[in-house]
Amino acid sequence: MRDYPSYCVALKPVDFFLPSEEVDEEVVHRLAAAIAQAGMWTTPIPVDRETGIIMDGNHRARAAVLLGLHYLPCVLLGYRDPRVVVTHWRSGEPFCVDSIQRQILLHKKRFPYKTTRHLFAPALPETEIQLGMLRGTVQKP
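What you are looking at is a predicted structure, and each value in this text was computed from that prediction instead of being measured. (Residues numbered from 1 in each chain as written. Predicted model: local features only at pLDDT ≥ 70, side-chain atom pairs only at ≥ 80, totals over all residues. Heavy atoms only, no water.)

Here's the deal with the packing of helix 1 (residues 25–38) against helix 2 (residues 58–66)
Turning to step 1, where the next piece is worked out: Between helix 1 and helix 2, the least distance of the axes is 8 Å, while the angle of their chain directions is 65°. In terms of crossing hand, the pair formed by helix 1 and helix 2 is right-handed. Here helix 1 contributes Glu25, Val27, Val28, His29, Leu31, Ala32 and Ile35 to the contact with helix 2, which in turn contributes His59, Arg60, Arg62, Ala63 and Leu66. (Axes fitted to C-alpha atoms, helices over the stretch in contact; angles between N-to-C directions. Helix = DSSP H or I, 4+ residues; strand = E, 2+ residues; numbered from the N terminus. Left-handed = near helix turned anticlockwise from the far one by under 90°. Contact = heavy atoms within 4.5 Å.)

Put into structure tokens, the structure is as follows:
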């Protein structure tokens, strides 16, 4: 069994996050409603630390905008990190991670909905951060 370093959850401004795939707006609205009802953000968004490209959580990032959040918890990773595996959503075959940066940064285009699947081992951590804090309206303890 490999001993990988633990994940670190960071707060980043919403404009740091760079969407990588199209989203289903109906799913975004349902997710935003569920997050608002919970009053807490529980799932950090894994992103590429250098570019802000969202690895997993495009719907959550879009929901955060609808909720008026200014900051989001994230796990800063890199595509060469051994804890990250990227596959094609439908086939499960390995996905060329270099094409992700080309598509998003160079061509300024998002992938279609459900193009990539990012797998994380070990599993990503959970959080319990009040939405008021992510709006910048609650003082940190």
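Re the packing of aromatic side chains
Turning to step 1, where the next piece is worked out: Evaluated as defined, the whole model comprises two aromatic pairs.
Turning to step 2, where the next piece is worked out: With centroids separated by 5.8 Å and ring planes inclined at 80°, the aromatic side chains of phenylalanine 16 and phenylalanine 17 adopt a geometry described as edge-to-face.
Turning to step 3, where the next piece is worked out: Classification of phenylalanine 17 by relative accessible area gives buried; the value is 7%.
Turning to step 4, where the next piece is worked out: Geometrically, the ring pair formed by phenylalanine 95 and phenylalanine 111 is edge-to-face, given 5.6 Å between the ring centres and 80° between the ring planes. With phenylalanine 95 in the loop between strand 5 (84–88) and helix 3 (97–106) and phenylalanine 111 in the loop between helix 3 and strand 6 (116–120), this pair connects stretches of sequence that are 16 residues apart. (Phe/Tyr/Trp six-rings, centres within 6.5 Å; stacked < 30°, edge-to-face > 60°. Buried < 20%, exposed > 50% of the residue type's maximum accessible area, 1.4 Å probe, protein only.)

Observations regarding unusual backbone geometry
Turning to step 1, where the next piece is worked out: At the junction of alanine 121 and proline 122, the peptide bond is cis and its omega measures out at 5° in the coordinates.
Turning to step 2, where the next piece is worked out: Mapping proline 122 onto the fold places it in the loop between strand 6 and strand 7 (129–130).
Turning to step 3, where the next piece is worked out: Phi is positive for lysine 114, which is not a glycine, with a value near 60°.
Turning to step 4, where the next piece is worked out: Relative to the elements of secondary structure, lysine 114 occurs in the loop between helix 3 and strand 6.
Turning to step 5, where the next piece is worked out: Given the relative accessible area of 28%, lysine 114 is considered partly exposed.

Quick notes on the pattern of salt bridges
Two side chains of opposite charge can pair, provided their charged atoms sit close to one another.
Turning to step 1, where the next piece is worked out: For the structure shown, the criterion picks out five salt bridges.
Turning to step 2, where the next piece is worked out: Between arginine 30 and glutamate 26 there is a salt bridge whose closest N-O contact spans 2.8 Å. Taken together, the positions of arginine 30 and glutamate 26, both in helix 1 and four residues apart, correspond to about one turn of that helix. For the residue pair arginine 30 and glutamate 26, the accessibility class agrees, reading exposed in each case. (Salt bridge = Lys/Arg side-chain N within 4 Å of Asp/Glu carboxyl O.)

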